[in-house]
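What follows is each chain in one-letter form.
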Amino acid sequence: MGGLERTPTMSRGGRGPMDSAFRHHSADPHFGHRTIYCNDHAANLPFKFKHNSISTTKYNFWTFLPKGLFEQFRRVANLYFLMIAILSTTPISPVHPITNVGPLVLVLTVSLMKEAFEDRKRYMSDRIINSSSIDVLSGRYWIKTPWSKLSVGDVVKVYSDQFFPADLLFVSSTNADGICYIETSNLDGETNLKIRKALERTWDYIDEEKAVDFKGVIECEQPNNSLYTFTGNLIMGKQTIPITPNQILLRGCSLRNTDAVVGVVLFTGHETKVMMNTMDVPSKRSTLERRLDKLILLLFAILFCLCFIGGIGSAVFVSREWWYLGLAVRDEIEQQYDPGNRFSVAILTFFTLVTLYSTIIPISLYVSIEMIKFIQSTQFINNDILMYHRESNTPALARTSNLNEELGQIEYIFSDKTGTLTRNLMEFFKCSIAGVMYGTGITEIQRAAARRTGVPIEEIPKSVDSIREKGFNFDDKRLMRGGWRHEVNPEICKEFFRCLAICHTVLPEGEDLPEKIVYQAASPDESALVTAAKNFGFFFYARSPTAIKVRESHVERLGKVQDVEYEILNVLEFNSSRKRQSVICRYPNGRLVLYCKGADSVIYERMAEGQNPYRDVTRDHLEKYGEDGLRTLCLAYADIDPRKYEEWNEKFIQAKSALRDREKKLDEVAELIESNLILLGCTAIEDKLQEGVPLCIETLAKAGIKLWVLTGDKMETAINIAYACSLLSNEMKQFIINSDVKSIRDVEARGDPIETARVLEEQVKRQLYDAISAADELQLEQPGVDLALVIDGRCLMFALDPHLRGALLKICMRCKAVVCCRVSPLQKAQVTTLIKDGAKRITLSIGDGANDVSMIQAAHIGVGISGQEGMQAVMASDFAIAQFRFLTDLLLVHGRWSYNRISKVVCYFFYKNLTFTLTQFWFNLGAGNSGQRFYDDWFQSLYNVLFTALPVLAVGIFDKDVSAKRAKQYPQLYKAGIDNLYFSWRVLFVWLFFAVYQSLVFFFFPVSAAEHGVNGGLDLGLWDVGTMAYTCIIITVNLRLLMASSSITMWHHVAVAGSIVSWFLFIFFYSGVQTKNRQDNIYWVIFNLMSTWYFWFLIILVPVVALAGDFMYQGFQRWFFPFDYQIIQEETKFKDQGETHDLEHQMEMMAMLEGPSVLTAEEERSLAMAQLPRERTWSKHTGFAFDSPGFESFFALQEGVPTPARSWDVARRASMTPRRSASRSETRAGQISSREGSHTHPSSITEEDVQLGDDELRFSRNNPFLQTPRKD
Amino acid sequence: MSANGASTSDAGVPAKKESKKPKYSKFTQQELPACKPLLTPGWVIAIFMIVGVIFIPIGAVTLLASNGVVEIVHAYHNECTRNLTTREAKIAYIENDQLDKTCNVQLRVTKDMDAPVYVYYQLDNFYQNHRRYVKSRNDQQLRGDSVNETTGCKPEATYNGQPILPCGLIAWSLFNDTYVFTRGGTQGLFVNKKGISWKSDREDKFGSILPSNFPNNQRDNTSLIGGGALNLSQPLNEQEDLIVWMRTAALPTFRKLYGKIEDDLKQGDTISVQIQNNYNTYTFGGGKKLVLSTTSWLGGKNSFLGIAYLTVGILSIFLALVFFLVHLRNPRPLGDPSYLSWNRKAQLTSNSAH
């Protein structure tokens, strides 16, 4: 719902500027520049910039009713009932309009109230935001002004901890060097501070006296939604200064650690970058609900048949023979009964009957289901103590209530590895320096491997004084406390440590003592590396924009500590196409060095010829570390000739101030200097498995759920993790499809990409077909053997090609586990889509990072890992849980129950309305199909909304076939959901059968029993019999519900008894009064009835006879064809375990409630670590386990349009991919480059962009940032 | 809770955060006490037994009651048309105003009938439940709240431009055969026509107003093809024939109470009935029956309830026995894990492997 209002926002603010930005980059560089006159209100007026107030509401006072109603009537069911309501006001209706209008109005009122409530919340938060004040320079003074009054070109002053009211150009700061710190957690969830630096030329304009004089013209890009780019120039006097993203302060961020800054407003209101990122979360509907549509169609078909039969029947019936019907005088006969025109009789009666039988479509079904799901998600899922993660203080969160029952039918889970299966708690674990391996630890994976192979490993006990802190889990005396000085190659060691201490973008915080300092790093890997340097005696403690200060120990002699300041000349930042990061620094003694760290492949390509003796031995070590599941990184350096550097630096500055294609140019320039590297060694970082992952995976596997791991990691790492979490085992037959084989490397070496692609494709094709035939054979030889497939991203690209896709699907469907490694986010989504659309199975994606967003959105259900700083995945997800292992509870308990409940509710609705409607049909067969109603109007209109409404809610909320504990103990029970056992046509047919049977009983029993007079010789009329039948229906239908529910709580009793009692109260009152202008059909009926034996005998007989069918069926079914859950129920009940298991459960609950009194050492550590401010779980610097096969756009081009283009990234990507754009047609360029963008930078900016929309949603709606600034 | 600069600089110290741990309640943890007897064979058998044990006596009692009722049913619609054979002739006969439609019928009392003996007329194929018919009345007018109100009464709303009272098709098509009973050829039997309608109808639904402008009472009414006249000098709430007639029936075959004979009828008595065969059921081929019936505490002769109860009861006992035997011969151990689908599957595969 929430999304709908955003569509106009998108089209108004989103697409327009996007197009212009695109043109701006691709066609006309001067198109759409925005010119802003700083501090000159009058000069900016002609441009008619947007004002700064925002509105996220859907409606206003006037549009609420029309627009809200329009939204409601977009639902087909509501439209249908509107039509019926209109029909019922015409004379052809057999019922009073109230019968159909009443329930419709009720349903609409409930929905509209919900809308109004939600919209009001949005309005209030908008108002708070718009009215918060900011200092604006007016004349010579800072004047407090509400945000909404701000306009482009204004000069504003923002104080510490305030939020930026609009996108600003950073002019000056109270800090020295014109820097300020900002927190961007509202944008991307990162809490680490970022530095922004003002242009040197504008540093002085901080006080009002000076700021008044700040005059300048800004020429910049049009509003767009690319958060991490900005192109523009500041023209001051004759000087033109390029503006970089470094000078931009975005709305949504807040100022930290800086007293105040002055800025000029660039973009306002809905044109700010953060607002332009606002986008819809695609709304998902559950599979069950889509099946429900089919059921509704079936009901329509039944309705049509009933009305058709009735229409024909009535046309045949009408005749002047029935003189008492007064059909003799033509003038006085309504068209509907005119025997002279039987055709119109048929048509009109058809519509009469449509109105009469409209109850066959349960009007309250959707409202009831919505309510049930709402309670399920807000009360149960969100409040489940067993899904609360104490360490991160995170409960589970259902972000949508649409999909609860979908959780009970998942067959495929696609999981990210890092941060999901593993903790993403990076710890420096081992390293190899100058060809020597250091570090004594043994990883989980090594242990798992040892268990697998049976070869014992020798555990080296930790040294007593080993240092253990967050990010550092390394123990080797040879390196600690200056021990490295005695190693074979201390010089290399020193360089290695310096590289660790200098080459990074970490910000130190807090006191400059090793124990107190906190590193703010973009990725946990980086922080781990810097922490390692600290522990090796190279303590990085301060950073200024131009220098890094390191406190080095033991360098000259053991125990000596000295502070050294390295001048930082250039930082060549990491991005995922470069896969490396370099820093050029000048030693105090003038030595110029480039330190570089990066992926092995890129470092090895750039090594100096003949100067790298450790090249091969280090490669072996890299492989070894990879096998142990460690993340590796190569470190290298190069001495630089000062003259050469000057030359290069000029090019670099040029590239940096380029207005167009800046990033591409920077990459190219960086390439020039990052050569002739000398390898120092490599680092190995451990990424630990999350708690409980192997057990959870095992449980899910038993439940018939297939888990696929999709990771950007290397194949060895991925396989090892898969083993460690018991996804793969030695008993499985594994098929590995890998592009990293010699034949392919050879072809690649020849450097012809087309040839490479061809060979690769051949290879993949052959391997796929081989695998299929092998699988066939295996199935014959050893049925029951499990298969597994491991495929890498590059092969996957070809395997996903339309003509191989079938084969891929075929082999995948047979595999119990699939591991895809080195896949890009787009590929993750493609694989998900393959199963979702190709195999029509229900899928769930779980991930924690921005690179998982696409797959989270592609799957039927997206689950985000919450409780960590990164919010991207959570914001795109449907459910958020803190730990992977909570999937067990989410799926096996909540999902399963929800599915069971909703299935039951829907079936029951189907049954109760069909039964009710059919009685009227039987009656009409004996009433000339005239459309005469069997019941009073009010009976009919209150049937759904009053007399049968509550009990079904009780089932939807409380029904529980087996306890949570049992559901987890017997995961196989979950299979029923996968096979859709409870909402299949077969089940519906049974309900249908008994609905027909019961309706016959309800009609014929009262009618037959009433035939020959009652006590006192009096006779019963139409309304007596109708009321009698209705009473029987109410009693039976409510009792049937008790039979349908698996557990009966107090609320069931209350609801069922309440419904029946409410019927009697109603009828007592209703038949006791006489009304004007209506027929008194029901007057005193119930009292007359109750004075007869007939009534009392029937209300015993009819429910028993009606329910006997169901009872027998249920008895038979349980006896001879028991469902699994029924056996478990019996076991629980009769095997005398019920008591103990409940007790166990209670104990578990109590434990959860109180929390453990004593923590084990390990727990204590993890608790302490968890409470430390976390690094975000992904970043543009994220792991050096790169996942960016650059060949994917080629594939995308071939395939057509596999995924929607990410239009918001067009501007940026168009500028970044010149290599390919040449060969592309103009019209497709944007689309393709954007697609490419989204995969070549999986863990980087692109994905942040993707996600920001949701972040924005979050902060503008739920978390008005002004109201509650983050305090972390 | 505004953040300040210090909060970031000493971020290493974990801030005291409010715990987001969900509060425990039986509701949110879905642990509300619940019970539900499992429909195990034992329960199935027991419930069938219980139903049988309760239903058979009720069935027996009600069937006895019904069987105790003595009923004489006599169809006279053909007999009283002077044995005209064609439908057209019958219609012509019934529509002829001038003919004497008296018709004598002899009934034999086969069993003693204790007073009161109820006299019913039964019509077949008469759709009193047709939509056009059912709504063709005006309850306000009948109550006497506004006697000129004829909404919904078309086409019998007005006659000669004046509102009809009581208006509508139902009143207009009032049944007008009359029966005069004599026993043994001489002794007249009085038929009491009071108290044959529901009290609520008499007292609240029909007012103390005199009928007026009723078409069937007009000599010049050419459309008279059925339908009886009313006593214009008797208020509506005393004309119980009309009140009974206007309580429309649910099915096209229905009985309506004509009156009560408050004398005992003895076995072997011959009752002769002089029928005024006025009512036109011949156009639509409907039957007319005269019914004399005693009642039991339960009502008229209707074995439906008794048979239904007995059938259900006997079936229940039967099923209980069958189930019991099946259960003895072939019991399913309750909660036996080997019956779980995955275990069975595993067994199957292991069997086939061997």
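Residues numbered from 1 in each chain as written. Chains lettered and ligands numbered in written order. Predicted model: local features only at pLDDT ≥ 70, side-chain atom pairs only at ≥ 80, totals over all residues. Heavy atoms only, no water.

- Chain B carries the name ALA-interacting subunit in an unreviewed UniProt entry, which gives Riccia sorocarpa as its organism.
- Note on chain B: under the UniProt heading Sequence similarities (unreviewed entry), the record states "Belongs to the CDC50/LEM3 family."
- Under the heading Subcellular location (unreviewed entry), UniProt records this for chain B: "Membrane". (UniProt positions renumbered as here; feature names shortened; annotations may be inferred.)

- Labelled according to an unreviewed UniProt entry, chain A appears under the name Phospholipid-transporting ATPase, originating from Riccia sorocarpa.
- Under the UniProt heading Catalytic activity (unreviewed entry), the note attached to chain A is "ATP + H2O + phospholipidSide 1 = ADP + phosphate + phospholipidSide 2."

### Focus: the side chain of A:Asp476
Residues and elements named next belong to chain A.
Consideration 1: One can find aspartate 476 in the loop between α12 (444–453) and α13 (490–502).
Consideration 2: Residue classification places aspartate 476 among the buried residues on the basis of a relative accessible area of 7%.
Consideration 3: Here the side chain of aspartate 476 touches arginine 478 through a polar contact of 2.8 Å, side chain to side chain.
Consideration 4: Ignoring anything within four residues of it in the chain, the contact list for aspartate 476 reads Tyr438 and Gly439. (Helix = DSSP H or I, 4+ residues; strand = E, 2+ residues; numbered from the N terminus. Buried < 20%, exposed > 50% of the residue type's maximum accessible area, 1.4 Å probe, protein only. Polar contact = N/O pair within 3.5 Å; in protein donor to acceptor, adjacent residues only side chain to side chain. Contact = heavy atoms within 4.5 Å.)

### Let's talk about the UniProt feature "transmembrane region" (unreviewed entry) in chain B
All names here are of chain B.
Consideration 1: UniProt records the feature "transmembrane region" (unreviewed entry) for residues 43–65 and 307–328 in the present numbering.
Consideration 2: For residues 43–65, helix accounts for 100% and strand for 0%, while the C-alpha atoms at its two ends are 33 Å apart.
Consideration 3: Along residues 307–328 one finds 100% helix and 0% strand; the C-alpha atoms at either end are 31 Å apart.

### Looking at the UniProt feature "binding site: Mg(2+)" (unreviewed entry) in chain A
Residue and element names in this part refer to chain A.
Consideration 1: Sequence positions flagged by UniProt for "binding site: Mg(2+)" (unreviewed entry) are, in local numbering, Asp416, Thr418, Asp848 and Asp852. These annotated residues cover 437 residues of sequence, and their C-alpha atoms lie no more than 10.4 Å from one another, placing them together at a single site.
Consideration 2: Within the secondary structure, threonine 418 is located in the loop between β15 (412–415) and β16 (422–433).
Consideration 3: Residue threonine 418 is classed as buried on the basis of its relative accessible area of 16%.

### Side note on the environment of B:Gln128
All names here are of chain B.
Consideration 1: Mapped onto the elements of the fold, glutamine 128 is located in the loop between β4 (117–123) and α4 (131–134).
Consideration 2: What makes glutamine 128 buried here is its relative accessible area of 0%.
Consideration 3: Residues glutamine 128 and proline 252 lie 124 residues apart in sequence; the distance between their C-alpha atoms is 6.4 Å.
Consideration 4: Residues within four places of glutamine 128 in sequence aside, it is in contact with Tyr133, Val134, Ile170, Trp245, Arg247, Thr248, Ala249, Phe254 and Lys256.
Consideration 5: Polar side-chain contacts of glutamine 128 include one of 3.0 Å to the backbone oxygen of tryptophan 245.

### What about the packing of helix α9 (residues 287–317) of chain A against helix α28 (residues 887–925) of chain A?
Residues and elements named next belong to chain A.
Consideration 1: Their axes nearest at 12 Å, the elements α9 and α28 cross at an angle of 5°. With respect to α28, the axis of α9 lies roughly parallel. Where α9 abuts α28, its residues Leu288, Leu292, Leu295, Leu298, Leu299, Ile302, Leu306 and Ile309 lie against Tyr899, Ile902, Ser903, Val906, Phe910, Leu914, Leu918 and Phe921.
Consideration 2: In terms of residue class, the contact of α9 with α28 is made up of 15 nonpolar, 1 polar and no charged. (Axes fitted to C-alpha atoms, helices over the stretch in contact; angles between N-to-C directions. Parallel < 35°, antiparallel > 145°, perpendicular 65-115°, else oblique. Nonpolar A, V, L, I, M, F, W, Y, C, P; charged D, E, K, R; others polar.)

### What about the interface of chain A and chain B?
Consideration 1: With 133 residues of chain A in contact, the opposing surface of chain B contributes 114 residues.
Consideration 2: Together chain A and chain B conceal approximately 10800 Å² of surface at their shared face, both sides included; 62% is due to carbon and sulfur atoms.
Consideration 3: When residues of chain A are sorted by the area they lose upon contact with chain B, A:Trp323, A:Tyr324 and A:Trp1119 head the list and together hold 10% of the total.
Consideration 4: Inspection of the region where chain A meets chain B yields 4 salt bridges.
Consideration 5: Counting every contact that joins chain A to chain B gives 38 residue pairs in polar contact (both at pLDDT 80 or more).
Consideration 6: For the side of chain A that touches chain B, the residue count by class is 67 nonpolar, 42 polar and 24 charged.
Consideration 7: Bridge count for strand β34 (residues 1048–1049) of chain A against strand β1 (residues 34–35) of chain B is 2 bridges, and the pairing is antiparallel. Of the residues in β1(B), the one forming a bridge with A:Thr1049 is B:Ala34. (Buried area = accessible area lost by both parts, 1.4 Å probe. Salt bridge = Lys/Arg side-chain N within 4 Å of Asp/Glu carboxyl O. Pairing = 2+ DSSP bridges.)

### Examining the nonpolar core
Consideration 1: In terms of nonpolar packing, the biggest core is built from 137 residues, with A:Tyr1094 and A:Leu1101 touching the most fellow members.
Consideration 2: With residues up to four places along the chain from it excluded, the contact list for A:Tyr1094 reads A:Pro1006, A:Ala1009, A:Ala1010, A:Val1014, A:Leu1020, A:Val1025, A:Met1028 and A:Leu1089.
Consideration 3: Formed by 66 residues, the second largest nonpolar core is a distinct cluster that contains A:Ala346, B:Leu242, B:Phe284 and B:Leu292. (Core = buried A, V, L, I, M, F, W, Y, C linked by side-chain atoms within 4.5 Å.)

### Let's talk about the pairing of strand β20 (residues 538–544) of chain A
All names here are of chain A.
Consideration 1: Bridge count between β20 and strand β21 (residues 547–553): 6 bridges; the pairing is antiparallel. Across the sheet, the residue bridging to alanine 542 is lysine 549, located in β21.
Consideration 2: Remark: 2 residues form the turn of the hairpin made by β20 and β21, two consecutive strands paired antiparallel.

### Some thoughts on the packing of helix α33 (residues 985–1009) of chain A against helix α37 (residues 1093–1120) of chain A
Residues and elements named next belong to chain A.
Consideration 1: In contact at an axis separation of 10 Å, α33 and α37 are set at 160° when each is read in the N-to-C sense. In terms of their interaxial angle, α33 and α37 are classed as roughly antiparallel. Note on packing geometry: the crossing formed by α33 with α37 is right-handed. Together, Arg986, Val990, Phe994, Tyr997, Gln998, Val1001, Phe1002, Phe1005, Pro1006 and Ala1009 of α33 and Tyr1094, Leu1098, Leu1101, Val1102, Val1105, Ala1106, Leu1107, Gly1109, Asp1110 and Tyr1113 of α37 make up the contact between the two elements.
Consideration 2: Among the residues making up the contact of α33 with α37, the classes are represented as 16 nonpolar, 2 polar and 2 charged. (Left-handed = near helix turned anticlockwise from the far one by under 90°.)

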